[in-house]
Amino acid sequence: MPNQHGRNDVTGENIVTVFGATGFLGRQIVSRLLDKAVDVRAASRHPHRNPLANTSGRRPSRQIEADILDPSQIAAAVVGSRAVVNSVSLYVEHGKQTFERVHVQAAADLATASRDAGVERFVHISGIGSDPRSSSDYIQARGRGEEVVKAAFPGAVIVRSAVMVGPDDAFITAIARLIRLLPIYPLFGDGGTRLQPVHVDDMAEAVSRLASGQIATDASIFECAGPRIYSYRELVREIATRRNVRVTLVPMPFAVWSILASAAELLPGVSLTRNQVELMRRDNVAASDLPGLEDLGIRPRGIEEVVHMMGH
Ligand SMILES: NC(=O)c1ccc[n+]([C@@H]2O[C@H](COP(=O)([O-])OP(=O)(O)OC[C@H]3O[C@@H](n4cnc5c(N)ncnc54)[C@H](OP(=O)(O)O)[C@@H]3O)[C@@H](O)[C@H]2O)c1
């Protein structure tokens, strides 16, 4: 079928529709699926933005407009798909985009529409630590999102990510920038929170193996994390050492961070949210009893390459 850019879906037989295709992870998922000669339908609210414009310059087989809040656009997007990936994200609520609406209701709508359309594989991206009983609205919505997806599409595979790193990420790139700017670096609490950063390419490869059918699995939940567990304090030190920066680390109570984040959410261009602060209160490490990257045949990469590739 000709698409908006006048190209045809390559085979029309193995279409994977990716919601969130313009995002940090979604872009890499699109790229990995194209590597596997899969037809990729990139669904987003910005169908004219080529998700791969700044990397390989390739294009998804098809780019379509779909707001995950609009059930009719969802239904049109998934028609004829062999697999659907939900990599939609929302970190700060605004207007109609609430955690409940995006991470719970819309996730359920997409899973339901996919089941109704006869989609074979549904891959839902979530986060390590998602918990329907959490006191944090965000973490709770992520946990309930997983539940409603499983109810709507019983064979769905949930892929939970640790904090993701990669070129232009929102995590270690920000740390690297701040340690250059600040003579004294404030830690989240005492810096003891344990993290296991995962490379975005490894997450994307995991998702694309599952979505393309390259790997068949009976497992319904994967937790994907990197090769090493750091405390936040160790992670900042490691980045500073690799970047040849001397840094003085000082503890800062979470209550102060919450106040700062509330103010930062009102300012354009400041990337500190109350949810990030909430997430940093909890260890974010893959469960030892759940399958992960190695079970999908992927040897996880560390943060070294990402830190090395950063500009100054
Ligand atoms: N980044 C991390 O460190 C991390 C860690 C753990 C888990 N995760 C999970 O990984 C997944 C991807 O996260 P990310 O960091 O790649 O997110 P991101 O860069 O913020 O991208 C968000 C994506 O969601 C899409 N989106 C938002 N609202 C939408 C709507 N109403 N309709 C359609 N699309 C919408 C955006 O597309 P348009 O704006 O173009 O429509 C964009 O493609 C999420 O489930 C996230 O929770 C991320």
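The shown structure was predicted, so the numbers you read here are calculated from the model rather than taken from an experiment.

## Quick notes on the site of the ligand
Reasoning step 1: Of all residues adjacent to the ligand, which total 27 residues, the nearest are Thr22, Arg45, His46, Gln97 and Arg142.
Reasoning step 2: At 2.8 Å from an oxygen atom of the ligand is found a main-chain nitrogen or oxygen belonging to phenylalanine 24.
Reasoning step 3: Histidine 46 is positioned such that a nitrogen or oxygen atom in its side chain is 2.7 Å from an oxygen atom of the ligand.
Reasoning step 4: Here the ligand has 900 Å² of accessible area as a free molecule, and 87% of this is covered by the chains.
Reasoning step 5: Looking at the shell around the ligand residue by residue, the class counts come to 13 nonpolar, 11 polar and 3 charged.

## Some thoughts on the pairing of strand 8 (residues 184–188)
Reasoning step 1: Of all 5 residues in strand 8, 4 are buried; the element is thus mostly enclosed.
Reasoning step 2: As paired elements, strand 8 and strand 13 (residues 248–252) share 5 bridges and run parallel to each other. The residue bridging leucine 187 from the neighbouring strand is proline 251, located in strand 13.

## Overview of helix 5 (residues 172–181)
Reasoning step 1: By the burial criterion, the buried members of helix 5 are Ile172, Thr173, Ile175, Ala176 and Ile179. The arc enclosing the buried residues of helix 5, seen along the axis, measures out at 165 degrees, which places them on a common side. In helix 5, those exposed residues whose orientation departs by more than 90 degrees from the buried face are Arg177 and Leu181.
Reasoning step 2: Residues of helix 5 that are buried sit in contact with strand 7 (164–165), strand 8, helix 7 (232–242) and helix 10 (304–309).

## Looking at the packing of aromatic side chains
Reasoning step 1: Tallying each qualifying case throughout the model produces 6 aromatic pairs.
Reasoning step 2: Relative to tyrosine 138, the ring of phenylalanine 99 has its centre 5.2 Å away and its plane inclined at 70 degrees; by these criteria the two rings are edge-to-face. A residue pair is termed long-range when its members are at least 10 positions apart, and phenylalanine 99 in helix 3 (residues 99–116) and tyrosine 138 in helix 4 (residues 137–152) qualify at 39 residues.
Reasoning step 3: Pairwise contacts between aromatic rings join Phe188, Tyr232, Phe254 and Trp257 into one cluster.

## Examining the packing of helix 1 (residues 24–35) against helix 6 (residues 200–212)
For any two helices packed against each other, one specifies the crossing angle of their axes together with the interaxial distance.
Reasoning step 1: Relative to each other, helix 1 and helix 6 sit at 55 degrees, their axes nearing to 8 Å. With respect to each other, helix 1 and helix 6 are oriented oblique. Where helix 1 crosses over helix 6, the two elements pack in a sense that is right-handed. In this structure, helix 1 uses Phe24, Leu25, Gln28, Ile29, Arg32 and Leu33 to contact helix 6, whose residues at the interface are Val200, Asp201, Met203, Ala204, Glu205, Val207, Ser208, Ala211 and Ser212.

## Remarks on the sheet that holds strand 2 (residues 39–44)
Reasoning step 1: Strand order across the open sheet formed by 7 strands is 3-2-1-4-5-6-11, with parallel pairing between neighbours. Strands with a single pairing partner mark the edges of an open sheet, and in this sheet they are strand 3 (62–65) and strand 11 (221–224). Taken over all neighbouring pairs, the strand axes of this sheet differ in orientation by 20 degrees on average, direction set aside.
Reasoning step 2: Note that strand 6 (residues 157–161) and strand 11 share 4 bridges and pair parallel.

## What to know about the packing of helix 5 against helix 7
Reasoning step 1: Axis separation between helix 5 and helix 7 bottoms out at 10 Å; the angle between their running directions is 65 degrees. Taken together, the axes of helix 5 and helix 7 lie roughly perpendicular to each other. The interaxial crossing formed by helix 5 with helix 7 has right-handed handedness. When helix 5 is examined against helix 7, the residues Ile172, Ile175, Ala176 and Ile179 are found in contact with a partner set consisting of Tyr232, Leu235, Val236, Ile239 and Ala240.

Criteria and cut-off values
- Residues numbered from 1 in each chain as written.
- Predicted model: local features only at pLDDT ≥ 70, side-chain atom pairs only at ≥ 80, totals over all residues.
- Heavy atoms only, no water.
- Near = heavy atom within 4 Å.
- Polar contact = N/O pair within 3.5 Å; in protein donor to acceptor, adjacent residues only side chain to side chain.
- Areas by Shrake-Rupley, 256 points an atom, 1.4 Å probe, with all protein chains shown as cover.
- Nonpolar A, V, L, I, M, F, W, Y, C, P; charged D, E, K, R; others polar.
- Buried < 20%, exposed > 50% of the residue type's maximum accessible area, 1.4 Å probe, protein only.
- Helix = DSSP H or I, 4+ residues; strand = E, 2+ residues; numbered from the N terminus.
- Pairing = 2+ DSSP bridges.
- Arc of directions from axis to C-beta.
- Contact = heavy atoms within 4.5 Å.
- Phe/Tyr/Trp six-rings, centres within 6.5 Å; stacked < 30°, edge-to-face > 60°.
- Axes fitted to C-alpha atoms, helices over the stretch in contact; angles between N-to-C directions.
- Parallel < 35°, antiparallel > 145°, perpendicular 65-115°, else oblique.
- Left-handed = near helix turned anticlockwise from the far one by under 90°.

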